[in-house]
Amino acid sequence: MNRIEKVFAKPGKKALIAYVTAGYPDIGDTLKLVPQLAKSGCDIIEIGIPFSDPMADGATIQHASHIALQNGITPQDCLEIAEKIRNQTDVPLVFMTYYNPVLKFGIERFCRECHWSGVDGLIIPDLPPDEGEELEAASQKHGIDLVYLLAPTSTRERMRLVAEKSAGFIYMVSVAGVTGARQELPLELDDFIARVRKETEKPLCVGFGISTPQQAAKVAEIADGVIVGSQIIKLLQTGGDDFSNVCNFAKELRQALDNTA
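Residues numbered from 1 in each chain as written. Predicted model: local features only at pLDDT ≥ 70, side-chain atom pairs only at ≥ 80, totals over all residues. Heavy atoms only, no water.

Moving on: the pattern of salt bridges. Any two side chains of opposite charge can pair, given that their charged atoms come close. Taken as a whole and judged by the stated rule, the model has 14 salt bridges. With a closest N to O distance of 2.8 Å, Arg3 and Asp120 form a salt bridge. Residue Arg3 is located in helix α1 (residues 3-8), and its partner Asp120 is located in the loop between α6 (107-117) and β4 (121-123); the two are separated by 117 residues in the primary sequence. With relative accessibility at 25%, the residue Arg3 sits in the partly exposed group. (Salt bridge = Lys/Arg side-chain N within 4 Å of Asp/Glu carboxyl O. Helix = DSSP H or I, 4+ residues; strand = E, 2+ residues; numbered from the N terminus. Buried < 20%, exposed > 50% of the residue type's maximum accessible area, 1.4 Å probe, protein only.)

Encoded structure:
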């Protein structure tokens, strides 16, 4: 059983997945923040590899990626960051990136170095499951879970395909749009989750728009985990060097999920 599987093997546990952009505000901050998030109750950390055309990301994460790229962060830097984090914590690490950087790096080489660096999974928003055969083969070879996404607009056929191919968990996109904190959860989310449940027993984790403990608790009533990113990046923009505001927010999310469970 790998690290991601262990998270979802705990009966009644709702997974808290936090997103950070590698190298934002700088590399040192990422190295300090991720272990603190793990200690604050986050079960999985999603590390974004900065990319110049982040089509699935809203303004907040786009800005963080832009700053990280200005800082000179490369995919190789992200692998080194992950390796250093792995030496500090056993929390599962999942890279979120786009297909172009992986393709340029070399698919086989990228998956091999992810394994060496202690990365447990990959999320590639612009890679559809019917075109992921090469990356699936490489990721499976090196013990990396390739997580696919489903949107509310997904057809039943796409749901079945993702249910078959996604490893670790399925990333449920709460809205047809980009990432970003939102005031309210979409009304159709319950129905969306229910439709996917009919197709799979794999863990379902919801992202895109969750920004408060109250929203996280509502999602946890119907899903196996919540993914929070933009709100964490916003707090990084306003907080101090000790990341107390981010960690306190993570603890509030953890408490909300535990109360739901």
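Continuing now.
This next bit is on the environment of Ile47. Along the polypeptide, Ile47 turns up in strand β2 (residues 44-48). Using a relative accessible area of 1% as the deciding quantity, one classes Ile47 as buried. The spatial distance from the C-alpha of Ile47 to the C-alpha of Pro128 is 20 Å, given a sequence separation of 81 residues. If near-sequence neighbours (up to four positions away) are discounted, Ile47 is found in contact with Tyr19, Val20, Ala22, Ile85, Leu93, Val94, Phe95 and Met96. (Contact = heavy atoms within 4.5 Å.)

With respect to the helices and strands, the residue Ser174 is situated in the loop between β7 (170-173) and α9 (189-197). In this structure the side chain of Ser174 is engaged in a polar contact, spanning 2.4 Å, whose partner is the backbone oxygen of Phe208. (Polar contact = N/O pair within 3.5 Å; in protein donor to acceptor, adjacent residues only side chain to side chain.)

Taking strand neighbours across the sheet as the criterion, the nine strands line up as β5-β4-β3-β2-β1-β9-β8-β7-β6 in an open arrangement whose pairing is parallel. The sheet terminates laterally at β5 (145-147) and β6 (149-150), the two strands that pair on one side only. Sheet topology places β6 next to β7; two bridges connect them, and they run parallel. Each residue of the ladder has a partner; that of Leu150, found in β7, is Met172. (Pairing = 2+ DSSP bridges.)

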